[in-house]
Amino acid sequence: MYFRIPQRNLLYSLLKLLNRPIPMKDKIDKILKDIESYKFDGKEAAEQFRLKYLSKKGQITDLFSQFRHVAPEERKTFGKLLNDLKNKAQSIFDEANKQASAQEEKGSTDIDLTRPSLSAPLGSRHPVSIVRNKMTDIFSRIGFTVEEGPEIENDWHNFTALNFPEEHPARDMQDTFFIEKDPDILLRTHTSSVQVRVMENSQPPIRSIFPGRVFRNEAISARSHCIFHQVEGLYIDKDVSFADLKQTLYYFAREFLGQDTRVRFRPSYFPFTEPSAEMDVSCQICHGKGCNVCKYTGWLEILGCGMVHPNVLDFCKINSKKYTGYAFGIGIERTAMMMYQVKDIRLYYENDIRFLKQFTSAI
Ligand code: PHE
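Along each chain, residues carry numbers from 1 onward, in the same order as the chain's sequence is written. Whole-chain, interface and lining totals are the exception, using all residues; otherwise, since this is a predicted model, local features are given only for residues with pLDDT of at least 70 and side-chain atom pairs are given and counted only at 80 or more. Each side-chain value is derived from all of the structure's non-hydrogen atoms; neither hydrogens nor water enter the calculation.

### Observations regarding the packing of helix H2 (residues 23-36) against helix H4 (residues 59-66)
Next, step 1: Helix axes are fitted to C-alpha atoms over the stretch in contact, other axes to C-alpha atoms as well, and angles between N-to-C directions run from 0 to 180 degrees. Under the scheme used here, helices are H or I runs from DSSP no shorter than 4 residues and strands are E runs no shorter than 2 residues, and both carry numbers assigned from the N terminus. In the contact formed by H2 and H4, the axes pass within 11 Å of each other and the chain directions differ by 165°. The angle between H2 and H4 places the two elements in the roughly antiparallel class. In this structure, H2 crosses over H4, and the sense of that crossing is left-handed. Here H2 contributes Met-24, Lys-27, Ile-28 and Ile-31 to the contact with H4, which in turn contributes Gln-59, Ile-60, Leu-63 and Gln-66.
Next, step 2: When residues are grouped by polarity, Ala, Val, Leu, Ile, Met, Phe, Trp, Tyr, Cys and Pro land in nonpolar, Asp, Glu, Lys and Arg in charged, and all others, Gly among them, in polar. Residues of the contact of H2 with H4, tallied by class, amount to 5 nonpolar, 2 polar and 1 charged. Angles below 35 degrees are treated as roughly parallel, those above 145 as roughly antiparallel, those between 65 and 115 as roughly perpendicular, and all remaining angles as oblique. Crossings are assigned a handedness: left-handed for a near helix turned anticlockwise from the far helix by less than a right angle, right-handed for a clockwise turn. Every residue pair with non-hydrogen atoms within 4.5 Å of one another is taken to be in contact.

### Some points on the pattern of salt bridges
Next, step 1: We define a salt bridge as a side-chain nitrogen of Lys or Arg found within 4 Å of a carboxyl oxygen belonging to Asp or Glu. Using the criterion set out here, one finds 16 salt bridges in the structure.
Next, step 2: The salt bridge involving Lys-25 is made with Asp-29; its shortest N-O contact spans 2.9 Å. Of this pair, Lys-25 and Asp-29 both sit in helix H2, separated by 4 residues, roughly a single helical turn.
Next, step 3: Each residue is assigned to one of three classes by its accessible area relative to the maximum for its type, calculated with a 1.4 Å probe on protein chains only: buried under 20%, partly exposed between the two thresholds, exposed over 50%. Its relative accessible area of 33% is what places Lys-25 among the partly exposed residues.
Next, step 4: We classify Asp-29 as partly exposed; its relative accessible area is 35%.
Next, step 5: For Asp-344, the salt bridge goes to Arg-346, with nearest N and O atoms at 2.9 Å.
Next, step 6: Classification of Arg-346 by relative accessible area gives partly exposed; the value is 30%.

### So, H2
Next, step 1: Taking 1.5 Å of rise per residue, the 14 residues of H2 would be expected to cover 20 Å, and the 20 Å separating its terminal C-alpha atoms lies within 8% of that figure.
Next, step 2: Three or more residues of H2 are buried, namely Met-24, Ile-28, Ile-31 and Ile-35. Down the axis, H2 shows its buried residues gathered within 70° of arc, on one side only. In this structure, H2 carries Lys-30 and Lys-33 as exposed residues pointing more than 90 degrees from its buried face. Given the number of residues in a helix, its expected span is that number minus one, multiplied by 1.5 Å. The reported arc concerns the directions from the helix axis to the C-beta atoms and nothing else.

### A short note on the nonpolar core
One recurring pattern in soluble globular proteins: nonpolar side chains tend to sit buried together.
Next, step 1: With 44 residues, the main nonpolar core has Val-281 and Phe-328 as its most contacted residues.
Next, step 2: If near-sequence neighbours (up to four positions away) are discounted, Val-281 is found in contact with Ala-253, Leu-257, Thr-261, Arg-262, Val-263, Gly-298, Trp-299, Leu-300, Ile-302 and Met-338.
Next, step 3: Nonpolar cores are built from buried Ala, Val, Leu, Ile, Met, Phe, Trp, Tyr and Cys residues. Side-chain atoms within 4.5 Å join them into one set. Counting 23 residues, the second-largest nonpolar core is a separate cluster that includes Leu-162, Phe-164, Ile-236 and Val-312.

### A short note on the sheet that holds strand E2 (residues 152-154)
Next, step 1: Any two strands between which DSSP finds at least two bridges are classified as paired. Taken together, the 3 strands give an open sheet; going across it, the order is E2-E4-E3, and neighbouring strands pair in antiparallel fashion. Each edge of the open sheet carries a strand with a single partner, namely E2 and strand E3 (178-179).
Next, step 2: Relative to strand E4 (residues 182-187), E2 runs antiparallel, the two being bridged by 3 bridges. Bridge assignment links Ile-152 to a residue of E4, and that residue is Leu-187.

### Description of the packing of aromatic side chains
Next, step 1: Pairing of aromatic rings covers Phe, Tyr and the six-membered ring of Trp, with a centre-to-centre limit of 6.5 Å; geometry is then stacked below 30 degrees between planes, edge-to-face above 60, and tilted otherwise. For the structure on display, the rule yields 22 aromatic pairs.
Next, step 2: Seen in terms of ring centroids, Tyr-340 and Phe-359 are 4.7 Å apart; in terms of plane orientation they differ by 75°. Their pairing is edge-to-face. You can see Tyr-340 sitting in helix H11 (residues 332-340) and its partner Phe-359 sitting in the segment after helix H12 (353-356), a full 19 residues away along the chain.
Next, step 3: With a relative accessible area of 27%, Tyr-340 lands in the partly exposed category.
Next, step 4: Judged by centre distance (5.1 Å) and plane angle (70°), the ring pair of Phe-355 and Phe-359 falls under edge-to-face. Note on accessibility: Phe-355 and Phe-359 belong to one class, buried.
Next, step 5: Members of the aromatic cluster, connected to one another through ring pairs, are Phe-139, Phe-144, Tyr-235, Phe-252, Phe-256, Tyr-326 and Phe-328.
Next, step 6: Placement of a charge over a ring requires the Lys NZ or Arg CZ to be within 6 Å of the ring centre, with the centre-to-atom vector within 35 degrees of the ring normal. Sitting over the face of the ring of Phe-67, Arg-75 holds its NZ or CZ atom 6.0 Å from the ring centroid.
Next, step 7: Taking NZ or CZ as reference, Lys-134 lies 4.9 Å from the ring centre of Phe-256, over its face.

The structure is reproduced here in structure tokens:
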């Protein structure tokens, strides 16, 4: 016991003499570096830290037990370094622990698994879709298939093959949007363009409807828009007559608006049908008495129709001597405005949820 102190002093003096780092100092520096860069991620890590450095068997506690080996003249310095190290480790631990507890507490209020979930608001179908679906449903029941065509068309399918000769004034009634670079390309003005595509690609019997979006160069107002929707119908076979057309449309009007609905046909003109007509239905609002929706006439126009012009059949490579057919085009927005008493067509395109959520449908 007596000799140990001079020996220890001797060792440190020797190390100093050899200019070697003192192990205690090295250890302190190393631990200091380690604790300063210790990665904490929660309570568990804080506890690991405590066990590693501050517990009874921890590295810092261990350094304290080695302190007695330090040379007396170094004790003051090392004592201070050690105490600083311990305080530093303690405060790092305290801080990490505090943060972990705060995090835990926050986490537990953030996630309350017993809370009822927020209800997900259900959307509703757009009135234009509701009406289109109702129309396709009615025609499907009497054997019409559903086909679609492109919204970006060429002159042939939208006009020429439908018997609108170039420069014909009938084209003025359906002005549209053209592509400057290629005036042959345009936005279709009606779904009648799909008639041409279907006839070009198949032979009679043809019995189909074509719902879709159409475009016209119109000033936007309460009653007209540059975008709207139509449902086109086409029936081509042997011996199809105007009587078939009328019966089909009677059936449609009654299924669509109710059995007491009355219809009337007025002569009209379309280059692609001959004879042509427009069909009115008795006003659903006043039932024929006269109101501001039907402009006090008791009638509302919902579609154009007629017997397919033989020129159109020939253009589409269907033998006009053998086959006849009828076609009709129903305006969806117009019909929907009448059904729902919507006074301004622009409401359909504004995506105002207060307007849209009023419509419910089974289909
Ligand atoms: N395509 C015509 C329009 O847009 C409607 C129509 C279709 C008329 C079919 C007759 C036959 O106004």
